[in-house]
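One-letter residues, chain by chain:
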Amino acid sequence: MTYKEGVAVPSIRSLVAVERYVMTKVHHILSFEMYYIPDQETHNFRSLDKVSRRAMLAVVDYLRRQKRSVSGTVFDDSFWLDLNYLEVAIAAQSCAAHFTALLYAEIYADKINIDKQQERSSFKAAKSLTFEEESQRTTITILNEKSKEETGISLQDLLMDIYRSIGEPDSLYGCGGGRMLQPLARIRTYEHEAVWEKALVTYDLEASLSPSTRQAGIIEALQNFGLCHTLSMYLKGLEHENTEWCAELQEIRYQAAWRSMQWGHISSIKDETGRLGYHESLYDALQSLRDKEFSAFYDSLKDARVNEVEELCKGSLESVYSLYPTLCRLQLIGELENIGLLFSRSVTTQQLNDIYLKWQRQSQLLKDSDFRFQEPIMALRTVILEILLEKENENTKRECIKDILTKHLVELSRLARTAKNTQLPERAMFQIKQYNPMGYEVSEWQLEEAQVFWAKKEESLALNILKRMIKKLDADWFQVENDPHLKLIYTECLRLCGTWLAETCLENPTVIMQKYLEKAVEIAASHSGDSSDELKKGKMKAFLSLARFSDNQYQRIENYMKSSEFENKQALLKKAKEEVGLLRERRVQTNRYTVKVQRELELDECAIHALTEDRKRFLCKAVENYISCLLSGEEHDMWIFRLCSLWLENSGVDRVNEMMKKNAEKIPSYKFLPLMYQLAARMGTKMMGGLGFHEVLNNLMSRISLDHPHHTLFIILALANANKDELLAKPDAIRRNKLIKNAPKEISQLDVDRMEAASNIINIVRKRRAHMVRDIEALCDAYITLANVDATPWKTQRKGISIPADQPIIKLKNLEDVVVPTMEIKVDPTGQYENLVTIRSFKPEFRLAGGLNLPKIIDCVGSDGKERRQLVKGRDDLRQDAVMQQVFQMCNTLLQQNTETRKRKLTIRRYKVVPLSQRSGVLEWCSGTTPIGEFLVNVEEGAHKRYRPKDYTSYQCQKIMMDAQKKHSEEKYNIFMKVCENFQPVFRYFCMEKFLDPAVWFEKRLAYTRSVATSSIVGYILGLGDRHVQNILIDEQTAELVHIDLGVAFEQGKILPTPETVPFRLTRDIVDGMGITGVEGVFRRCCEKTMAVMRNSQEALLTIVEVLLYDPLFDWTMNPLKALYLQQRPEDEADMSSTLNTDPQECKRKASDDQSFNKVAERVLMRLQEKLKGVEEGTVLSVGGQVNLLIQQAMDPKNLSRLFPGWRPWV
C-alpha cells in the first residue's frame, strides 16, 4: 500500500491482487435482492443494507478513478472489476446517488454499444448503424430491450426514475417520456409538464393502475386543477367505499381538508414509526390555531418540523432537487409559526400589513422556483387569511384583511398564469368576488380577471370587463383625477384594451390610437410629482404600447409603399398625368372621358398624399413615445435599438431630427452604448441625412464619449485611425501575404468626413481628459504596429518569441487611465467608473497562433497584477466579429429576461473584440479553452486516436472526401457513409475524462448540451457559417462552447464555392458529447426554448440586425477574396493569382454597388424575418416543428456529405 495525505491508496500491483476478492464481495452486496428491499423488511435492516451498498459503491467509485495502465483510457479505468454497470446503477439509485446512477447507466450503455460494434466488425455486417434513421430514440429503445433481456431491468424506467429524482426540467424527454406507451410513464410526463387535465383523463381511463396510485393521482390532479368541490365529493365517495386508507392516501386527504377548510374529525393513521404524517400535523395545527389552543398548535408544528428535519438529514447531497419538497414543507411550518403570534393577541392593521410585506419579500426570493413549490405556500397563506377573517369582528380590521386577501389572490393568479395554469386563477377570481360584491368600485383585481379570461382565449369576455371598467372610470373622472392608484388602473385599462383591440382587429387603427392608447399616455403623463415604482411602470407601459402601435402602422404603410402594387399604382398615375397634360396641351374639348380621367387622377394623388401624411404622423408618434418610454425608466431599454433604427432610416426627416435634438439630450447616455458602432459609422457623412442630423448625432456622440470614455474611445479611435496601418506599416508589408481575407479599402470622401468627425470628438474628450486620450492613442498605435510585424521568420516556432526592441508596445508602462481593452467593463449609469483594472505593462514575449495571417498572442499585465492574454491580428477586419459579439450580447439579454431560459442558464459565451483600424485589432484570448478539433483529432493525442485506434484517421477521411469532391452527389454520399462507418464518435469521453466526480460530470455535460443548443439556434438565426472544428472552442472548466471567427454570417456561407448545406454544426461527435439520449431531451427542449425567445423577440432582433446591415462600415457580404481565403482548393490555385493581380478595388467596386447592396441587405432581412416567423421552405411551422426540421437538416448525412472537406463533417 502507498500512503497519500493520510489515506491508504493501493498500488496497481496490490489492486490487481485483491481484484478477485473485492469483486466477489461487491457482486454479493450490490446484487442483494436487486436492491429493492421488500416492504415487510424491518426499518433497521433496510438502513443497514443501504450502508453496505454505499460502502461498495465507494469502492467502485474509487477504483474507477485509478489508472489501469499508462496508455489506457477513462473507459478502461471503469473496468477494474468485470461489473454489470446497470446493476451498479440501480444500487446507486436506491441510495439516492442519482448522478452516480446516471453515469453508471451510461457506462453500461457504452459497453453494450462497443460490444455490438465489435460483433459487427467481426461479422463484417453490411448495414452500419452509423446514422440512426429514427434519431436517438431507437438507440434507447434497442438498449432497453437489451437490458431487459440481460438483467430483467428496464433501462428506460431506470433513466426516468433518475431524471425525475434529479429534477432537471428537460432530461425526462430524452428517455422517451411523452412517446412511451406505458400509462404511468405518460402520466408522469403530464405531471412533469403540469398538464393536469390530460393527467386526470389518463388516470380516469387507466383501470390497470393500482387503486392507491390511481386515487392519489386523481386527487392531486383535481387539487392542481382547482376543482376543490369535486375533490371533496370524490373524497367522501372514497370514504364511503373504503374503510381502509393507506398512509399516503390519508396524507392527501388531510391536505385536501386543510386547503378547503373542512374542519372536523378525520380518523388518524400512523406510519410504521408511529408518527403523524406532515399534512395531518399541519391540519391539526391550523385547527388548534382556529380554536386558539396554542400549546397544541406549537406541539403539532414541533412534531412536523422534527420529522421534516430528520427527512432532510437522510437526503442525498448528490441531488439537491430531491430536498426541495422537504424545504418547501419547512418553509410552510416557519410561516405558520410566525402567524401564531397574530392569533395570540389583538392585532393591528399595521401588523397585518407588515406580515403581507414580509410575504411579498419571501415570494420575490422564490420567483424563479417551480410553481409547484410556490403554490403550497400561497395556498397556506390563503387559508391563514381566511381563518383571520372568520375570527375578526371589528370592521376596519376585517376590511384590512379582505384587502390583503384580495391582493394575495391577485398575486396567486399572476403566478399561476405565468406557470400556464388557467384553472387556479379562475378559482382565485371567484374567491375574490365572494369578498368583493359586484357593483363595487373599480379595483385592480378586475384587471387581473380580464387577463385571466384573455389567457383562456376568451377574448370577448376579457374585452367586456375592460370596457365596463373604462365606462365606470369615465363616469367617476373627478375621483380618478385625484387618486394616483385609480389613474394607474385607468391607464392600464386603456392600454390593454387598445392593445387587445389591435390584436383582434375589432376597431380601426385611428379609433384605437385616439380613444385608447393616446388617452392612456395622456392620463399617465398627467401625473406629476413623486411617483411610486408602480406608477413609473404603468407610464412606461403606456408609452411603449403607443410607440409599438404607431410603429406597426408606420411599418404597414412603409411595406405597402415598397410593394410592387404601389409601384404599379405610381406608374399608372404617371401615365394618367401625362395623358391629362396632353389633353390640356391639345386643348381637347371637355367631355365625359376627360372629366373622368382628371377626377381619377385627383383621387389617386389625394390617396397617395394621405398615405404619405399618415406615414409621417405614425413615424413621429412612434419616435416621440419611444423617447418618452426610455426617459421613464430602465425596464424597456432594448427599444433604444428601434428608436435609433427609425431615426437613421429617416435621418432626412427634419421633424424626427428636431425631436431627437430636443429630447434625446435627456435620455441617459449609457442607453446608447450598445449602438456605438452603428452610430459612430454614420458620423460626419455629409451626403446622408437632413440638415440637422449631423449636428444631433455629433453632439450625442460627444456626450456619450465624455460620460463613458472607456467604452467609446477605442471605437471612435478606430474610425480616426481607419487607414493607420498603411502609415505605420512598411510599404512592402502591404502586399506581402499572398492571400488576405479582406482587401484594403480605398479611402473615399465619406471615410475622410468620418475620420474628421471622429478626430473632432477625440479632441473634445482631450480637453477634459488629455492624459487618457494621449495614452490610448499611444496604445492603439503600438497595437497596430505590432499587428503589422512580419511574423513569417518565426512561422514554425511554437515557443515564446521576443518582441523586437523597436516595438513601442514594450515601452508602454503604467497607463493609469487606460483600461485593459479586452476586459468587459460593467456600464456605470452614473459615469463614475472607479476601481478599474488599468494597464501596467506588456510581457516582452509573443507567440504565434495558427492561421494564414499568423496573429500574435501577447500578455497584458493589469494593475491588479493579473496577466491577461490577448490576440493581436493584422490584415483582418475585426469589425464583423465585434458586431457579432454585440448581437450575442443582445441575445443574452433577451434570454436573461425570459423565465424559462433564465432558469436553464441559457447563454452564448462571448469574448471581447476591439477593432483598432480597418485592418487590425485586438481580441480577448479565451483562456482555458481548446478547439474541439484539438481534443478530437489532434494527430498526436486526439481522442479518436486514443479511443478508436483502429478507425481511419481524420486525415485519411479528409483525403477520401477531397478525392470525391468532383463526384456525383449520390456517389459522394456513399463514400461519406463508408467514411463514417470507419470513424466512430468519441466526444462523450470529454466530460468523463475531465470531470471524474459524477455530480460535476452531470453538471458540465448539461452545460455543454445547453451551450450547443443555444449557440446552434442563435447561429442559425444569424446565418453563421464556417463552423469547422477549429472555429468552435470548448472550455475545459465549464464544458461550454465558444464560437470564434464569426466572419461568415447572414447565410453568406451558402454562396461559397462549395455551399454550406446545414443550419449549424450537429455532427455525430457533437451529438455524442450529449450522452446516451443524444439530441432528445435537453438539447431539443433547450433549442425550442431558445427559438421561442428569439421568435417572441423578433422586433428587437430585426431592429438590431437592420441597424447592422445598413452600417456603412460593416463589410459582411461575401466577396471573391473572402471566399478563396475560406475554401482554398488546388483547382483554385490558378485562378487565385489572376484574381489577386487584378486591382482589389475592382472587386470592391463591383461588390459595393449601392443599389445591389441594398437589395442583398433587404433579402437578408426578409430571410431573417421568415426564420423568426417559423417560415421554412415556404411553410409556417410551430417552434417545435421548426426545431425538428433544423435538427434533421443538420444531422442529415446527405447534407453533410456535400460540405467542403475542410469543414470535417465526419467529426
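No experiment lies behind these values; they were computed from the predicted model shown.

A. Seen up close, the packing of aromatic side chains. Enumeration over the complete set of coordinates arrives at 23 aromatic pairs. Look at F79 and Y85: their rings are 5.4 Å apart centre to centre, the planes differ by 85 degrees, and that puts the pair in the edge-to-face class. The exposure class of Y85 is buried, given its relative accessible area of 2%. Counting every residue linked through ring pairs, the aromatic cluster contains F75, F79, Y85, Y104, Y947 and Y989. Positioned over the ring face of F79 is K111, at 5.5 Å from the centre of the ring.

B. Quick look at the side chain of R548. Within the secondary structure, R548 is located in helix α25 (residues 533-562). At 2.6 Å, the side chain of R548 and the side chain of Y626 are in polar contact. Polar contacts involving the side chain of R548 include one to the side chain of E1099, which spans 3.5 Å. Sequence-distant contacts of R548, that is, excluding residues within four places in its chain, are made with Y626, W639 and E1099.

C. A look at the pairing of strand β12 (residues 1032-1035). Going residue by residue along β12, you find I1032 and I1034 tucked away on one face and L1033 and D1035 tucked away on the opposite face as well. When strand β11 (residues 929-931) meets β12, the two strands line up antiparallel, connected through 3 bridges. Considered in β12, the bridge of T930 is made with I1034. Pairing of β12 with strand β13 (residues 1041-1043) involves 3 bridges; the strand directions are antiparallel. For I1034, the partnering residue across the bridge sits in β13 and is L1041. Two successive antiparallel strands, β12 and β13, enclose a turn made up of 5 residues, where A1039 displays a positive phi of approximately 70 degrees.

D. Structural detail: the pairing of strand β5 (residues 838-842). Most of β5 sits out of view: 4 of its 5 residues are buried. Relative to β5, strand β4 (residues 815-819) runs antiparallel, the two being bridged by 2 bridges. From the neighbouring strand, V819 faces β5, where its bridge partner is T838. Direction of pairing for β5 relative to strand β7 (residues 856-862): antiparallel, over a ladder of 3 bridges. Bridge pairing in β7 places F842 opposite C860.

E. The arrangement of the pattern of salt bridges in detail. If you walk through the whole model with that rule in mind, you get 66 salt bridges. Here D370 makes a salt bridge to K903, at a shortest N to O gap of 3.7 Å. Of this pair, D370 sits in the loop between α16 (349-365) and α17 (371-391) while K903 sits in helix α38 (residues 899-903); the two residues are 533 residues apart in sequence, bridging distant segments of the chain. E558 is the salt-bridge partner of R615, the closest N and O atoms lying 2.6 Å from each other. Placement of the pair is R615 in helix α27 (residues 592-632) and E558 in helix α25, with a sequence separation of 57 residues. In terms of burial, R615 and E558 fall into one category: buried.

F. Spotlight on the confidence of the model for the protein chain. Residue-level pLDDT values for the protein chain average 85, and 87% of them are 70 or greater. The low-confidence segment residues 125-137 (pLDDT under 50) makes 30 contacts with residues lying over four places distant or belonging to another chain. Every residue in residues 732-739 is under pLDDT 50, and counting partners more than four places away or in other chains gives 20 contacts.

G. Representation of unusual backbone geometry within the structure. Phi is positive for D1026, close to 60 degrees, though the residue is something other than glycine. Mapped onto the elements, D1026 comes out in the loop between α44 (998-1021) and β12. The class for D1026 is buried, based on a relative accessible area of 11%. A positive phi angle is found at D1045, which is not glycine, with a value near 55 degrees. Within the secondary structure layout, D1045 lies in the loop between β13 and α45 (1068-1072).

H. Structural view of helix α23 (residues 484-504). The end-to-end C-alpha distance of α23, which contains 21 residues, comes to 30 Å, matching closely the 30 Å that a straight helix rising 1.5 Å per residue would cover. Here α23 lies mainly inside the structure; 15 of its 21 residues are buried. Here α23 starts with a cap whose side-chain oxygen sits 2.9 Å from the backbone nitrogen of H485, and that cap is D483. Where α23 terminates, the next one or two residues include C505, which has phi positive at roughly 55 degrees.

I. Looking closely at the sheet that holds β11. The 3 strands are arranged β11-β12-β13 in an open sheet whose pairing can be described as antiparallel. A single partner strand is all that each edge strand has here, and the edge strands are β11 and β13. Between one strand axis and the next, the sheet turns through 35 degrees on average, direction left out of account.

J. Summary view of the environment of V306. If you trace the backbone, V306 turns up in helix α14 (residues 294-314). For V306, a relative accessible area of 39% gives the class partly exposed.

K. Geometry of the packing of helix α19 (residues 423-435) against helix α20 (residues 444-455). The interhelical angle for the contact between α19 and α20, taken along N-to-C directions, is 150 degrees, at an axis separation of 10 Å. Viewed along their axes, α19 and α20 adopt a mutual orientation that is roughly antiparallel. In this structure, the crossing between α19 and α20 has a hand that is left-handed. Along the contact surface, α19 presents P425, E426, M429, I432 and K433, while α20 presents W445, E448, E449, V452 and F453. Its residues assigned to classes, the contact of α19 with α20 shows 6 nonpolar, no polar and 4 charged.

Conventions used here
- Residues numbered from 1 in each chain as written.
- Predicted model: local features only at pLDDT ≥ 70, side-chain atom pairs only at ≥ 80, totals over all residues.
- Heavy atoms only, no water.
- Phe/Tyr/Trp six-rings, centres within 6.5 Å; stacked < 30°, edge-to-face > 60°.
- Buried < 20%, exposed > 50% of the residue type's maximum accessible area, 1.4 Å probe, protein only.
- Lys NZ or Arg CZ within 6 Å of the ring centre and 35° of its normal.
- Helix = DSSP H or I, 4+ residues; strand = E, 2+ residues; numbered from the N terminus.
- Polar contact = N/O pair within 3.5 Å; in protein donor to acceptor, adjacent residues only side chain to side chain.
- Contact = heavy atoms within 4.5 Å.
- Pairing = 2+ DSSP bridges.
- Salt bridge = Lys/Arg side-chain N within 4 Å of Asp/Glu carboxyl O.
- pLDDT = per-residue confidence, 0-100.
- Expected span 1.5 Å × (residues − 1).
- Axes fitted to C-alpha atoms, helices over the stretch in contact; angles between N-to-C directions.
- Parallel < 35°, antiparallel > 145°, perpendicular 65-115°, else oblique.
- Left-handed = near helix turned anticlockwise from the far one by under 90°.
- Nonpolar A, V, L, I, M, F, W, Y, C, P; charged D, E, K, R; others polar.

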